[in-house]
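An overview of the molecular structure
Below are the chains, spelled out letter by letter.
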Amino acid sequence: LPSFLPPSQRARAWATKQINYMLGDAHGGVNEQTGLPKFSFVCGYGDDFPRAPHHRGSSCRNGTDCTCNESPQPNVLYGALVGGPGRYDDYSDSCSDYTKNEVTTDYNAGFTSALAGLRHLTLVEKLPTEY
């Protein structure tokens, strides 16, 4: 981040970059035809997204057959953030890799709060445009 920015603007710019990373800036950029991210870590968002999250709600068929397997799960958890990439920015969309694909309350709460904060900054016209 540019060092010439005041600390509050640097924090806002950093938060914006982190959310943009989760929504698709990191893995493939934006599809020019659709305007959507080529890949995001949020289920149901963008052209490509996690299809095998480690979550019972996404893996249950007929209410009782809940199997975590390598294929896309039968239900999409729209808006759910998965664990994301590893230390070296590696990611595998596999239900059996719960570290990268688990959907949990703690980071989804933080993600939702950060989105609300960025929305507020947009409404008060203080969302960074450069970072």
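Everything numeric in this text was worked out from a predicted model, so none of it was measured.

1. Some thoughts on the state of the cysteines
- This structure, assessed with the given rule, holds 2 disulfides.
- Each disulfide pairs two cysteine sulfurs, and for cysteine 60 the partner residue is cysteine 66, the sulfurs being separated by 1.9 Å. Its S-S torsion of approximately 100 degrees makes the covalent link between cysteine 60 and cysteine 66 right-handed.
- Looking at cysteine 60, the relative accessible area reads 17%, which means it is buried.
- By relative accessible area, cysteine 66 is classed as partly exposed at 26%.
- Through a disulfide, cysteine 68 is tied to cysteine 95; the S-S separation comes to 2.0 Å.

2. A word on the UniProt feature "active site" (unreviewed entry) in the protein
- The UniProt record marks Asp93 and Glu102 with the feature "active site" (unreviewed entry), using the residue numbering of this structure.
- Judged by its relative accessible area of 28%, aspartate 93 is partly exposed.
- When residues no more than four places from it in sequence are discounted, the contact partners of aspartate 93 are Phe49, Pro50, Arg51, Ala52 and Asn101.
- Within polar-contact distance, the side chain of aspartate 93 engages the backbone nitrogen of arginine 51 at 2.7 Å.
- Mapped onto the secondary structure, glutamate 102 falls in the loop between helix H3 (98–101) and helix H4 (105–123).
- Residue glutamate 102 is classed as partly exposed on the basis of its relative accessible area of 28%.
- Not counting chain neighbours up to four residues away, the residues in contact with glutamate 102 comprise His54, Leu81, Val82, Gly83 and Tyr107.

3. Quick look at the packing of helix H1 (residues 7–25) against H4
- At a closest axis distance of 11 Å, the pairing of H1 and H4 adopts a crossing angle of 125 degrees. Between H1 and H4, the angle is such that the two are oblique. Both H1 and H4 take part in a crossing whose hand is left-handed. Residues Arg12, Ala15, Thr16, Ile19, Met22 and Leu23 of H1 form the contact with H4, whose participating residues are Phe111, Ala114, Leu115, Leu118 and Leu121.
- Here the contact of H1 with H4 is composed, by residue class, of 9 nonpolar, 1 polar and 1 charged.

4. Some remarks on the packing of aromatic side chains
- Taken as a whole and judged by the stated rule, the model has 4 aromatic pairs.
- Relative to phenylalanine 41, the ring of tyrosine 21 has its centre 5.9 Å away and its plane inclined at 25 degrees; by these criteria the two rings are stacked. One end of the pair, tyrosine 21, is in helix H1; the other, phenylalanine 41, is in the loop between H1 and helix H2 (56–59), with 20 residues separating them in the sequence.
- Note on phenylalanine 41: relative accessible area 2%, which makes it buried.
- Chaining the aromatic ring pairs together yields one cluster made of Tyr21, Phe39, Phe41 and Tyr91.
- When the ring centre of phenylalanine 49 is taken as reference, the NZ or CZ atom of arginine 51 above it lies at 3.9 Å.

Calculation rules
- Residue numbers restart at each chain and count upward from 1, following the sequence in its written direction.
- The predicted origin of the model limits local features to residues at a pLDDT of at least 70 and limits the giving and counting of side-chain atom pairs to 80 or more, whereas totals for whole chains, interfaces and linings rest on all residues.
- For side-chain calculations, the full set of non-hydrogen atoms in the structure is used, while hydrogens and water are omitted.
- The disulfide criterion used throughout: a pair of cysteine sulfur atoms within 2.5 Å.
- A simple rule labels every residue: compare its accessible area, found with a 1.4 Å probe on the protein chains alone, to the largest value its type can have, and call it buried under 20%, exposed over 50%, or partly exposed in between.
- UniProt positions are given in the numbering used here, feature names are shortened, and annotations may be inferred rather than shown by experiment.
- Note on definitions: a residue-residue contact is assigned when non-hydrogen atoms from the two residues lie within 4.5 Å.
- Polar contact is the term for a pair of N or O atoms within 3.5 Å; when the atoms are in protein, one must be able to donate a hydrogen and the other to accept it, and sequence-neighboring residues count only if both atoms are side-chain atoms.
- Numbering of helices and strands starts at the N terminus; helices are DSSP runs of H or I of at least 4 residues and strands are runs of E of at least 2.
- The axes are straight lines fitted to the C-alpha atoms, using for helices just the contacting stretch, and the angles between their N-to-C directions are given from 0 to 180°.
- For this classification, under 35 degrees means roughly parallel, over 145 means roughly antiparallel, 65 to 115 means roughly perpendicular, and everything else is oblique.
- For any pair of crossing helices, the crossing counts as left-handed if the nearer helix is rotated counterclockwise from the farther one by less than a right angle, and right-handed if it is rotated clockwise.
- Polar here means any residue outside two lists: the nonpolar Ala, Val, Leu, Ile, Met, Phe, Trp, Tyr, Cys and Pro, and the charged Asp, Glu, Lys and Arg; Gly therefore counts as polar.
- Between 30 and 60 degrees the pair is tilted, below 30 it is stacked and above 60 it is edge-to-face, where a pair is any two Phe, Tyr or Trp rings, Trp via its six-membered ring, whose centres lie within 6.5 Å.
- Here, a charge over a ring means that NZ of Lys or CZ of Arg falls within 6 Å of the ring centre while also lying within 35 degrees of the ring normal.

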